[in-house]
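Topology and contacts: notes
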Amino acid sequence: MTLRLYDTLTRAKRDFVPVDPARVTMYVCGPTVYNYAHIGNARPVVVFDVVFRLLRRLYGEEHVLYAANVTDVDDKINLKAAQEGVPIGVITDRYLTAYHADMAKLGALRPTFEPRATQTMDAIIAMIERLIAAGAAYAAQGHVLFNTQTYADYGKLSGRSLDDMIAGARVEVAPYKQHPADFVLWKPSKENEPVWDSPFGPGRPGWHIECSAMIEQALGLPIDIHGGGNDLIFPHHENEMAQGVCADGHGTIYANYWLHNGFLNMGAQKMSKSLGNVQLVHDLVREAPPEALRWALLSSHYRQPLAWTDDVIAQAKSALDTLYGALNRAGDVEATAAEPSEAFLDALMDDLNTPKANAELFALAKRLETGSPAERALAKGQLLASGPLLGFLQGVPQAWFHGGADADLTARVDALIADRIAARAAKDWARADAIRGELTALNIEVMDSADGATWKLKEPAA
Ligand code: AMP
Ligand code: ZN
C-alpha cells in the first residue's frame, strides 16, 4: 500500500516518495494572527493534521518534521494595533494564544516548528541579498522586487501565463516595477508601522519571502510537501517557489508535492473575514462538540468545496453518536486487533479519502454490533486503532454522551440513576417513575441495558 497524493504542480495523483524517509518534511502556510480563526481557516489545519498523523504512522513520529508558520507582520495586524493603541506584539500574542487553544480543541497536534516572520528577519534579508546577487531581484525606490522575467517557470504552478496575470489584474502595476508581474520582496514601512534595518533601507518584508525564508531555515530545500488553501496557489505559492528556486540556484526543487485544500463555503460564497460571513472556531466549540466539528471538516474530500451548514454539524454529531454508541455497548468485548483496518488505511492512502475512511468506521461499528464474537473483537480493536488516525474516538465513550454536562450535573444524574436502580430493586415503582421524571426534566435520556443504565444529554429543543 503506497501513499498517493494529488500534486497541484504536476496536476496528477502520484506515489509519495520522500527525499529522505528518515526526515520527511511538510510546510503549511499558517494564520495571520489579528483576529480569531474562523472554521474555514481551520480546514487546512485539520486536513494537514491528518496528513501529519498519517506520515508519522508511515515513517515514525520522530522522522516527520512539520512546520506551520505564523504571519505576525501584516497590514491588518498593524491596523488592529493602531486601533487599540498597543504594540503589534500585544495583538499577535493574544490571537496566537487563542489560535493554539482553538486548534487544540479541534484535535490538531502542534506542528514540530512554528516559525514567526518577526523572528526570521535575518534569514529573510539574507535571502533577498542572494536573489539580488543572482540577478533575480532588483532594488528600486526603497523597494526590492523579484524579477519574474528571469524565471522561465514562472506561472507553472498556477497554470497562468504572464499575460493572463496582467489581463486578470491580479498583479499591481507600480512605477518602480520593471514588469507588472514583478512582486515585492522588501518595501519601506509607512509611518507608525514596524520597521527593520536592512542593506536595502529600512522597511519590512513582503509576505511571500517570509514563507520561503522560514521554509529554508526550518526545514531546508527541497521539502516533501507544501500545503495550504487553494486561494494561496496564486500569487503566494507561485511567488514562493520562484524565489526559493532562484535563491538556491536553478535546478533546485522547492517542494515535491503541492497540496491544496478546497474552500469552506457559506451558501454560494467562501467563508472569509473580508466578506464578513465567518463563524469563529472560538464560538463554535462552545455550541457543538469539537470532535463533531472536526468530523464535519473531514466529511468532504479535502480538495472539494465544503458547504458549511447546521446540517453538516448535526450529521457529524449523529455519526459520532453511532460510533461511540457501538463502543459504549461493547464495553465487555475484548479487542483483538491493534491496527486500523485495511479498508480504512486504503482510503486514507488514496489521497486522503476521508469520506471513504469515515464510511469504513461505520462498517466497523456495524460489525462490532452485529458480528460473531470473533468479528466483534476484531472490529472493536480496528475501530479503536483507526479512529485516532483521523483524530477521532480517543475519549471514553461515556464522556461523548455526557459532553455538555458539567461535573455538578454529572454527579446529580449519576446519583439519580443509582437511586432509580435501588427503587426498582425494592419494587418501589412510584419512586422509580418519579426519578425518571426528574431526569427527563434535566434533559437526560437514560438508556437501559443488560449491564446497567447509561445516559446522555438530549439535544435542547430547537
Ligand atoms: P489566512 O489567515 O487568511 O492567511 O488563512 C490561513 C489559511 O486558511 C490559508 O491556508 C487559507 O488558504 C485558509 N483559508 C482561509 N479561508 C478559508 C476557507 N473559507 N476555506 C478553506 N480554507 C481557508
Ligand atoms: Zn506561505
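The structure this text deals with has already been given above.
Everything quoted here is computed from the prediction, not taken from an experiment.

**Observations concerning the coordination of the zinc ion (ligand 2)**
Looking at the metal site, the zinc ion (ligand 2) is ligated by Cys29 (SG), Cys211 (SG), His236 (NE2) and Glu240 (OE), spaced 2.0 to 2.7 Å from it. Taken together, the 4 donor atoms coordinating the zinc ion (ligand 2) span angles of 78 to 132 degrees at the metal, a pattern that classifies the geometry as irregular. All donors of the zinc ion (ligand 2) belong to a single chain; written as a sequence motif, their spacing is C-x181-C-x24-H-x3-E. With cysteine 29 in the loop between β3 (24-28) and α1 (39-59) and glutamate 240 in helix α7 (residues 233-248), the pair connects residues that are 211 residues apart, well separated along the chain. Under the relative-accessibility criterion, glutamate 240 is labelled buried at 0%.

**Brief notes about the packing of aromatic side chains**
Enumeration over the complete set of coordinates arrives at 11 aromatic pairs. When the centroid spacing of 5.9 Å and the interplanar angle of 65 degrees are considered together, the rings of tryptophan 186 and phenylalanine 200 count as edge-to-face. With tryptophan 186 in strand β7 (residues 183-187) and phenylalanine 200 in the loop between β7 and β8 (204-205), this pair connects stretches of sequence that are 14 residues apart. You'll find tryptophan 186 and phenylalanine 200 in the same group, each marked buried. Here the aromatic rings of tyrosine 324 and tryptophan 400 are separated by 5.3 Å at their centres, their planes lie at 20 degrees, and the arrangement is stacked. Here tyrosine 324, found in helix α10 (residues 310-329), pairs with tryptophan 400, found in helix α14 (residues 397-402); they are 76 residues apart in sequence, far enough to count as distant. Of the two residues, tyrosine 324 and tryptophan 400, neither departs from the other in class, the shared state being buried. Among the aromatic residues, those joined into a cluster by ring pairs are Phe16, Tyr59 and Tyr257. The aromatic ring of phenylalanine 52 is capped on one face by arginine 56, whose charged end is 4.8 Å from the ring centroid.

**A short note on the site of ligand 1**
The immediate surroundings of ligand 1 are formed by 17 residues, with Gly40, Gly229, Asp231, Leu264 and Met271 found nearest. Here a nitrogen atom of ligand 1 sits 3.4 Å away from a polar atom, N or O, in the side chain of asparagine 261. Protein chains bury 87% of the 490 Å² of accessible surface belonging to ligand 1 in isolation. Of all elements in the fold, only α1 and β9 (223-229) reach the threshold of two or more residues within the shell around ligand 1. Among the elements that line the shell around ligand 1, the one with the most residues is α1, at 3 residues. Residue composition of the shell around ligand 1, grouped by class: 7 nonpolar, 9 polar and 1 charged.

**Remarks on unusual backbone geometry**
Put simply, leucine 221 and proline 222 share a cis peptide bond, and its omega is -10 degrees. Locating proline 222 in the fold gives a position in the loop between α6 (207-218) and β9. Residues phenylalanine 234 and proline 235 are joined by a peptide bond in cis, for which omega reads 0 degrees. In this structure, proline 235 sits in helix α7. One non-glycine residue, leucine 352, adopts positive backbone phi at about 60 degrees. Mapped onto the elements of the fold, leucine 352 is located in the loop between α11 (342-349) and α12 (354-370). The phi angle at asparagine 443 is positive, at roughly 70 degrees, despite the residue not being glycine. Note that asparagine 443 resides in the loop between α16 (429-441) and β14 (444-449).

**A few points about helix α2 (residues 75-84)**
For the α-helix, the turn length of 3.6 residues means that residues three or four positions removed from each other point alike. Looking at α2, one finds that the buried residues are Ile77, Asn78, Lys80 and Ala81. Down the axis of α2, the buried side of the element spans an arc of 165 degrees, and every buried residue falls inside it. Structural note: α2 exposes Leu79, Ala82 and Gln83 on the side pointing more than 90 degrees away from its buried face. Considering only its buried residues, α2 is in contact with α3 (88-105) and β8.

**Some remarks on the packing of α6 against α7**
Taken N-terminus to C-terminus, the directions of α6 and α7 make an angle of 55 degrees; their axes are 9 Å apart at the nearest point. The orientation of α6 relative to α7 falls into the category oblique. Like other packed secondary-structure pairs, α6 and α7 cross with a definite hand, here right-handed. Here Trp207, His208, Ile209, Cys211, Ser212, Ile215 and Glu216 of α6 come into contact with α7, specifically with Pro235, His236, Asn239, Glu240, Gln243, Gly244 and Asp248. Each residue belonging to the contact of α6 with α7 can be placed in one class, and the counts come to 5 nonpolar, 6 polar and 3 charged.

Reading guide: rules and limits
- Residues numbered from 1 in each chain as written.
- Chains lettered and ligands numbered in written order.
- Predicted model: local features only at pLDDT ≥ 70, side-chain atom pairs only at ≥ 80, totals over all residues.
- Heavy atoms only, no water.
- Donors = N, O, S within 2.8 Å, 3.2 Å for Na, K, Ca; no water.
- Tetrahedral: all angles 85-135°; square planar, octahedral: opposite > 155°, others 65-115°.
- Helix = DSSP H or I, 4+ residues; strand = E, 2+ residues; numbered from the N terminus.
- Buried < 20%, exposed > 50% of the residue type's maximum accessible area, 1.4 Å probe, protein only.
- Phe/Tyr/Trp six-rings, centres within 6.5 Å; stacked < 30°, edge-to-face > 60°.
- Lys NZ or Arg CZ within 6 Å of the ring centre and 35° of its normal.
- Near = heavy atom within 4 Å.
- Polar contact = N/O pair within 3.5 Å; in protein donor to acceptor, adjacent residues only side chain to side chain.
- Areas by Shrake-Rupley, 256 points an atom, 1.4 Å probe, with all protein chains shown as cover.
- Nonpolar A, V, L, I, M, F, W, Y, C, P; charged D, E, K, R; others polar.
- Arc of directions from axis to C-beta.
- Contact = heavy atoms within 4.5 Å.
- Axes fitted to C-alpha atoms, helices over the stretch in contact; angles between N-to-C directions.
- Parallel < 35°, antiparallel > 145°, perpendicular 65-115°, else oblique.
- Left-handed = near helix turned anticlockwise from the far one by under 90°.

Spatial relationships are all this shows, so hold off on functional conclusions.
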